[in-house]
Amino acid sequence: MKSKKLIFLLVIFIFVGAAVFFNIAASNKSMNNEISFSNVFQVVGNVTSSANRGIGSILPIDGMDEKELGDEIKKRYRQYNYPHLEKDRTYLNSLLRNAEWAKHKKFDYEIFVEETFEANAYALPGGAVVVTQPLLKTVKSESELMAIIAHEVGHIENSHCFNAVKFEILTKKLNLGSLGKVADVAQNILLRHSYSKTQEAEADDYAFEVIKNSPYDIMAVSNSFKSLLEYDGINRNAHLSILEDYFQSHPSLEQRIEKFAAKANAWKKRHPENDRYIGRENLAEKISFLEKDFGLKERTSFIQETIQLPGQPRQ
Amino acid sequence: MVVSILVVVFFLAVISINGSINKANLRINKLEDELANMKQALKGQAKTNKVKAEMIIEEKKAEIIIEEVVRESVKKPAAPKQPKSPRVEEKVSFWAKLEKLFAGNATGVIGVTAVIIGIIFLAIYAAINMGPLARFIVVCGFSVFFYGLYLSLKRYSFWESIALWLRTASGVVFLVGCIGASQFTYMKWIYDDMQAWLFIVLGVFVNIAFGALSKKELFATVHVVLSLFALLLIPFTYLSFVIAAAICFIGMLMTLGSRKWDVHIAVVNASFMLLNIFWAMNYYTVWPSPYALTIALCLFVALPCILSHYRKIYQGWDNKALISHIIIWAALGINLYIHSRGSIWSTIGLGIGAFATFALSYYGNKIKAEWLYVCDRMVSLALGVLTCTSLYKFDFEYYQMAFYASIFSVIFLKLNTYVKNKMVFNINNFVVLIGYIVFIPLLFLSETVDKEMFMYIITSYVVNIVLYPSIENFARREAYGFEIDDTAQKGTSTFMNLFFALHIITAAYLTSAIALSNGIWFIAAFLMGLSAIFFKGYYKNALVDSTVAFIAIVTSAYYMILIYFKKYDLWINVELAAIVIITGAAMLRFSWSEKLKRHSYKSGILILWSLLMFAAYKFTIPYSTMLTSVLWLLVFLIGSDIKEILWKNTVPAGEKGSPAYLITMLSKVSFILFIVRFCLVDLGNHTMLLDVLPARFATEILSLLALVYWMVFGTKLNGEYIKKCINGMLEAFLVLASFYIFAEVRIVEQGTAFAILALVSLFVGPKLGSYNRVTMYSFLLFFIALANVGFVSSSSATPSRLIYDQVWFRSMITVVLSVIFALSAYRKLAFIEGNELAALNKLALSVKSLLVKYDARVLIYPLFLAIAFFLYRGFDKSILSVLWMVECFVLFMISIIIGRSEYRVVSMYGVAGIFIRIMFFDLRGQDFLIKAVIFIIIGCILITMNAIYNKYKYRYEK
């Protein structure tokens, strides 16, 4: 028994040593040393988010139903395709192809540009992504824009939008009127906040994976949050009470910046030879780097051809 | 012929045995002669040779003994035959029989059907590039191929069943080819009608021949039914009908001899009926009437089937044959109705049918087939009643039809008194009563009242007066009819006497309606009443007294109502109960010591501990925010050994407020503080460990190890309170591990993580002594893993083309681990359900009671349900049916391996459901090649299941 105990203690102290060493040796100037309930809510939100997914899985609705709803939504948004927004729209949709290659949903994605005062982007069920015009001025490069688009696609691919309107889709399918909308609204009011951060985290992870498997700068995700933070001008999540923190739909930007910067740095260290595109000029000119540098408009085997192409990061 | 062969064999055996005996006798005689000669020779020889000679003699004697033994063994009579044990009919439930029928037979049927459909699709797919004749040849080639497989496999007993199915498939494919040669657009190379019919007849003939050659009921049925349905692929003509009738007739012929193929004959007739219904729905308006030919064909099919039951092998009571007989009659009735709608000659036909069936039923009684007699007698009664009701075609009033039906049934009842059969009598009696219940009110409800009505009621009354006494006497003598038990009389009665009162009241009513026109009707009514009193007194039936009084009261009330025209609207309000909401709450029970003992060293402990914790925080922050958590964990860890030192060196050692107890509590507080800090601060720290994992991963592992250390090494002390504190660390460990999984692991991998945790808990649990309740928790973790793989992870997405990044791949790992868990847990069920589990709390107890109650179902059903959902969400719909079928097959194999028939039943239901899905979903909008592959794979799986079931069904418990 004594020898078992000694072995056990030895193992424990190895872990202790490792934890101490790496915490000291690694970058220890954390941007965020504050107490935040956001992370706990994110983890706990896993449970309600999983339950929400589970309900969506059981209901007799699938991607084709979402597609039908999405087609209606796109049809409505196409009415607002004003000519002066056409260039932005075309540019964004060309970038969309870079995020679409890994889609599992059986519908096409389409981006619409909205004229508002706030920089924002949001996803709608059925493949519609809306980007506001101020957002195009907030981000600093095409890679950052790509990260945001991938984030929104991530929401759709992970069925976040679908689960938010699942009852509406169901009652529409069964011709039961607007009862489903009421159910969705009720569910969103009661439960959405418990897992909205979880869903944002999933979409962030999705965006990071898309960027990782693309030729874009691996820091794009982190940099896009930095740009948004600068745009915002304030530390939004500082000194929030536990209730206020709960009702925030997103994790704090500082945390997201730190998280994806750490991941990106770790990836860079493992792949030191890999050059990536940033795309500042492309954003300014509203022409994607594939079209500008390689004359390619429609892509299918994106990764295989572009990752292997030599080149320096484009500014 | 069989007897002759047996006789010949018997004689041959006798002859051979006789021959053996004779040979032995000859040999003995020869040896005895040699012995005698040798003895003779010995007498003349020298003494020294005598020993040698005696040895030889002994040898000869031994040979003789051996020969005699041989002779005796040949003559030995055969061992007496054991008397045959009386056949004990096992009572098997209806569902068990149905399931056995489905698993043993229907899966093979469905499997072959699926393979055939798949081949058809394959043929269609392949045929796009071929000419029609070539396509026909390809189809025939498939048929030959199947037949070849049958020939090669039929020699092996294991494959016999499959071989027969393959021959079935061969026949059906050939039939489809023959039909397609003239009907299907892409295979049509015959344009002449005569040639087309020849090919169709050839295909049907081959199919039917296979059915007849099989000499098995199931295959005969399949071939006949498939041949009938094949005719639906051709535009219907009279010739189709003739061929269909011929098929059914041949199908009937297959049942003759000593065969009792009741199911076959019922299915054949039902199929012919469906064919007729199909014709009625699609071709009714096309053909002219009357349909003499079709009616004749319907009779041609049904009558031999009906007569085929009139064989001595159907003696006694046979439920299966009864149902089959009823189905034949019903099918015939529906067929004739379809073909004779609107004809006024149906009345005559029904009448003849009633008479003929009545006569036929006597023969059933003669051959002592009681069920046949009952059935046909009832059919005769039904036909007679139908004859009466068909009089509406001749503009008879309802009450007139009811009158004839009632009178008919009374006469019928009288005729049934000549053959003693209680069931027939009672049913007929019931029909009589119903007849009058219908007839008499119709008189009341008739729009006009006239003298003719009065004649009907009098005629009915007279018939009853004439026939009723003999019928009633018969009933009471034989104890037929309804049981009565009143003070006046015990026994049985037909209760027809009740209707005497009704007759009188009706007559009174009619009289009141028409009395003003002619007073003589009053006299008739009065005479009727007088005769009723006579009969009431004669039979002394108190029930009749009370019934009459009751009816009199009701009648008076009726008159009063009529007079005053009162109407009562009866309505009922129904209110539903309110919804009950159940809330629950959990309470944590804190047990703190109420008073800490004021000993100085305890104060010291407190102060030291506080300083340690604060210092750990203060001095690590400049280096890393996560180091504080690590040090707090170390404080928690060392508390385990410190408390032991205090236990040895202080008194009292085991009380609630003792130093050791205090240390335990403070250690727990350290751990709680660690948890709080970790959640609020460290979770947001994304420092990477070796650029691969988050650094907080090490802290997480450390926290779990610290808990394990406490659990394993911390309970050496005997203090009850301390042990209680430590005991709960198991739950803390599991909750913490789950929290870490949710925090660190991606959603697609969470199922795998929980499955691994479940496996570890299951394997390690029984060895953990007082913590072996973790075995119970392993099931909860298993359910979480299943919920994740079935309902959650399938809706996730990963933007990667690499296979190991795909959701389905990660989920497959979870599925594999879950299957391993299920198999391992199944083996440990005895341990779990036993009494070796220690310190069970409510949660663990509830899991245990679930396992005790539902046994392996707790493992198998959730596992397969989760897999079904995972397949549904994770794979393309075009292959879903195949995947689900494979799953059902696996469940089926599990049922055979562990010998539990319940899972076999569930897998069979799954198979049935999937097949319905295939018919209604998979057929739509898919490419022919995919359809073909799906159907062929599913068909092969079903055929394999059928063969395996028939081979291993002995393994199932009774």
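Residues numbered from 1 in each chain as written. Chains lettered and ligands numbered in written order. Predicted model: local features only at pLDDT ≥ 70, side-chain atom pairs only at ≥ 80, totals over all residues. Heavy atoms only, no water.

### Re the overall build of chain B
Threshold: Secondary structure elements follow DSSP: runs of H or I of four or more residues count as helices, runs of E of two or more count as strands, with numbering from the N terminus. We call a residue buried when its accessible area falls under 20% of the maximum for its residue type, exposed when it is over 50%, and partly exposed in between, using a 1.4 Å probe and counting protein chains only. Note on contacts: a residue pair qualifies if any of its non-hydrogen atoms lie within 4.5 Å across the two residues. Surface accessibility in these figures is a Shrake-Rupley result with a 1.4 Å probe; residues are shielded only by whichever protein chains are displayed.
Broken down by element type, chain B carries 34 helices and 4 strands. The 958 residues of chain B split such that 47% are buried. Of the contacts made within chain B by residues no fewer than 6 positions apart, 74% connect residues no fewer than 24 positions apart. Surface exposure of chain B reaches about 50000 Å², of which carbon and sulfur atoms provide 70%.

### Some words on the pattern of salt bridges
Rule in force here: In the sections that follow, a salt bridge refers to a side-chain nitrogen of Lys or Arg positioned within 4 Å of a carboxyl oxygen of Asp or Glu.
Overall, the coordinates contain 24 salt bridges over all chains when judged by the stated rule. Between E478 of chain B and R477 of chain B there is a salt bridge whose closest N-O contact spans 3.9 Å. Via salt bridges that share partners, R78, E86, R89 and E110 of chain A belong to a single interconnected network.

### Things to note about the interface of chain A and chain B
This is how the line gets drawn: Two parts placed together each lose some accessible area; with a 1.4 Å probe, that loss summed over both constitutes the buried area. Polar contacts, as used here, are pairs of N or O atoms within 3.5 Å; protein pairs need one atom able to donate a hydrogen and one able to accept it. Residues neighboring in sequence count only if both atoms are side-chain atoms. Ten residues, namely Ala, Val, Leu, Ile, Met, Phe, Trp, Tyr, Cys and Pro, are considered nonpolar, four, namely Asp, Glu, Lys and Arg, are considered charged, and the remaining ones, Gly among them, are considered polar.
Listed as interface residues are 58 residues of chain A and, on the opposing side, 54 residues of chain B. Counting each side, the surface lost to burial between chain A and chain B is near 5000 Å², with a carbon and sulfur contribution of 66%. If you look at where chain A meets chain B, you find 0 salt bridges. Remark: the boundary between chain A and chain B carries 2 residue pairs in polar contact (both at pLDDT 80 or more). No other element matches the 14 residues that helix 1 (residues 2-25) of chain A contributes to the side of chain A that touches chain B. Residue composition of the side of chain A that touches chain B, by class: 27 nonpolar, 17 polar and 14 charged.

### Points about the confidence of the model for chain B
Residue and element names in this part refer to chain B. Here is the rule we go by: In predicted models, pLDDT denotes the confidence assigned by the predictor to each residue on a 0 to 100 scale.
Model confidence for chain B is summarised by a mean pLDDT of 76, while 75% of its residues fall at 70 or above. Note that pLDDT drops below 50 for residues 1-11; the model gives that stretch 0 contacts with residues more than four away or on any other chain. Across residues 557-599 the pLDDT falls below 50, and counting only partners more than four positions away or on other chains, this stretch makes 16 contacts in the model.

### Description of unusual backbone geometry
Phi is positive for S159 of chain A, close to 65°, though the residue is something other than glycine. Along the chain, the position of S159 of chain A falls in the loop between helix 6 (142-157) and helix 7 (160-164). For S159 of chain A, a relative accessible area of 5% translates into the label buried. With phi around 55°, K215 of chain B is a residue other than glycine that occupies positive phi space. You can see K215 of chain B is positioned in the loop between helix 6 (193-214) and helix 7 (217-230).

### Examining the packing of aromatic side chains
Keep this limit in mind: Pairing of aromatic side chains here covers Phe, Tyr and the six-membered ring of Trp, requires ring centres within 6.5 Å, and sorts the geometry by plane angle: under 30 degrees stacked, over 60 edge-to-face, intermediate tilted. Two conditions define a charge located above a ring, namely a distance within 6 Å from the ring centre to NZ of Lys or CZ of Arg, and an angle within 35 degrees of the ring normal.
All chains considered together, the criterion is met by 45 aromatic pairs over all chains. When the centroid spacing of 5.5 Å and the interplanar angle of 35° are considered together, the rings of Y77 of chain A and F112 of chain A count as tilted. Here F112 of chain A lies in strand 1 (residues 110-114) and Y77 of chain A lies in helix 3 (residues 63-78), a separation of 35 residues in the sequence. When the ring of F791 of chain B is compared with that of F869 of chain B, the centres are 4.6 Å apart and the planes differ by 50°; the resulting orientation is tilted. Note that F791 of chain B is positioned in helix 27 (residues 774-792) and F869 of chain B in helix 31 (residues 857-874), a separation of 78 residues in sequence. Members of the aromatic cluster, connected to one another through ring pairs, are F396, Y399, F403, Y404, Y436, F439 and Y456 of chain B. Between the NZ or CZ atom of R377 of chain B and the centre of the ring of Y362 of chain B, over which it lies, the distance is 4.7 Å.

### Thoughts on the state of the cysteines
A covalent bond between the sulfur atoms of two cysteines is referred to as a disulfide. Residues and elements named next belong to chain B. Note the cut-off: For the purposes of this analysis, a disulfide is any pair of cysteine sulfur atoms at a distance within 2.5 Å.
Counted according to the given criterion, the structure contains 0 disulfides over all chains. The cysteine C140 is free of any disulfide, with C178 supplying the nearest cysteine sulfur at 6.1 Å. Take C140: its relative accessible area is 16%, and that puts it in the buried class. By relative accessible area, C178 is classed as buried at 1%.

### Concerning a nonpolar patch on the surface
All names here are of chain B. Selection rule: Put simply, a patch holds well-exposed residues, over 30% relative accessible area, that have no salt bridge, with like charges counted together within 9 Å and Val, Leu, Ile, Met, Phe, Trp or Tyr side chains within 5 Å.
A cluster of nonpolar side chains, L802, I803, Y804, W808, F809, M812, I813, V816 and I820, forms an exposed patch at the surface whose accessible area comes to about 770 Å². Positionally, L802 belongs in the loop between helix 27 and helix 28 (807-827). Overall, L802 belongs to the partly exposed group, its relative accessible area being 42%.

### Concerning helix 4 (residues 86-100) of chain A
Residues and elements named next belong to chain A. Here is the rule: To estimate the expected span of a helix, count its residues, drop one, and scale the result by 1.5 Å.
The terminal C-alpha atoms of helix 4, which comprises 15 residues, lie 20 Å apart, in line with the 21 Å expected from a rise of 1.5 Å per residue. Most of helix 4 is tucked away, with 11 of its 15 residues classed as buried. Every buried residue of helix 4 is accounted for by D88, R89, Y91, L92, N93, S94, L95, L96, N98, A99 and E100.

### Let's talk about the packing of helix 26 (residues 747-764) of chain B against helix 27 of chain B
Axes are the key here: two packed helices are described by the angle between their axes and the distance separating the axes. Residue and element names in this part refer to chain B. So the rule is basically this: As a rule, the C-alpha atoms of each element are fitted with a line to give its axis, helices using only the stretch in contact, and angles between N-to-C directions run from 0 to 180 degrees. Angles are sorted into four bins: roughly parallel if under 35 degrees, roughly antiparallel if over 145, roughly perpendicular if 65 to 115, and oblique for all others. A crossing counts as left-handed when the near helix is turned anticlockwise from the far one by less than a right angle, and as right-handed when that turn is clockwise.
Contact geometry of helix 26 with helix 27 gives a least axis separation of 8 Å together with a crossing angle of 160°. With respect to their mutual orientation, helix 26 and helix 27 come out roughly antiparallel. Between helix 26 and helix 27 the crossing geometry is left-handed. Only V774, T775, S778, L781, F782, I784, A785, N788 and V792 of helix 27 make contact with helix 26, whose side of the interface consists of I747, Q750, G751, F754, A755, L757, A758, S761 and L762. Among the residues forming the contact of helix 26 with helix 27, the class breakdown is 12 nonpolar, 6 polar and no charged.

### Remarks on the side chain of R917 of chain B
Residue and element names in this part refer to chain B. On the secondary structure map, R917 appears in helix 33 (residues 901-922). With relative accessibility at 16%, the residue R917 sits in the buried group. Engagement of the side chain of R917 in a polar contact is seen with the side chain of S881, the distance being 2.9 Å.

### As for the nonpolar core
Applicable threshold: Buried Ala, Val, Leu, Ile, Met, Phe, Trp, Tyr and Cys residues that are joined via side-chain atoms within 4.5 Å together make up what is termed a nonpolar core.
Core analysis: the biggest nonpolar cluster contains 118 residues, and I12 of chain A together with F636, F779, F782, F821, L851 and L942 of chain B have the highest contact counts within it. Non-local contacts of F782 of chain B, meaning those with residues more than four positions away in its chain, are made with A758, S818, F821, A822, V858, L859 and L863 of chain B.

### A short note on a negative patch on the surface
All names here are of chain B. Quick note on the threshold: Charge counting follows a simple rule: Lys and Arg are positive, Asp and Glu are negative, and His as well as the terminal groups are ignored. We put the charge of a Lys on NZ, of an Arg on CZ, of an Asp on CG and of a Glu on CD.
Residues D395, E397, D450 and E452 make up a contiguous surface patch of negative charge. Mapped onto the elements, E397 comes out in the loop between helix 13 (370-389) and helix 14 (398-415). According to the relative accessible area criterion, E397 is partly exposed, its value standing at 44%.

### Observations regarding the sheet that holds strand 3 (residues 128-132) of chain A
Residue and element names in this part refer to chain A. The test is simple: At least two DSSP bridges between two strands are required for those strands to pair.
The 3 strands are arranged 1-3-2 in an open sheet whose pairing can be described as mixed. In this open sheet, the two strands that pair with only one neighbour each are strand 1 and strand 2 (121-124). Ignoring strand direction, the axes of neighbouring strands in this sheet form an average angle of 25°. Bridging between strand 2 and strand 3 involves 4 bridges; their strand directions are antiparallel. The residue of strand 3 that forms the bridge with L124 is A128.

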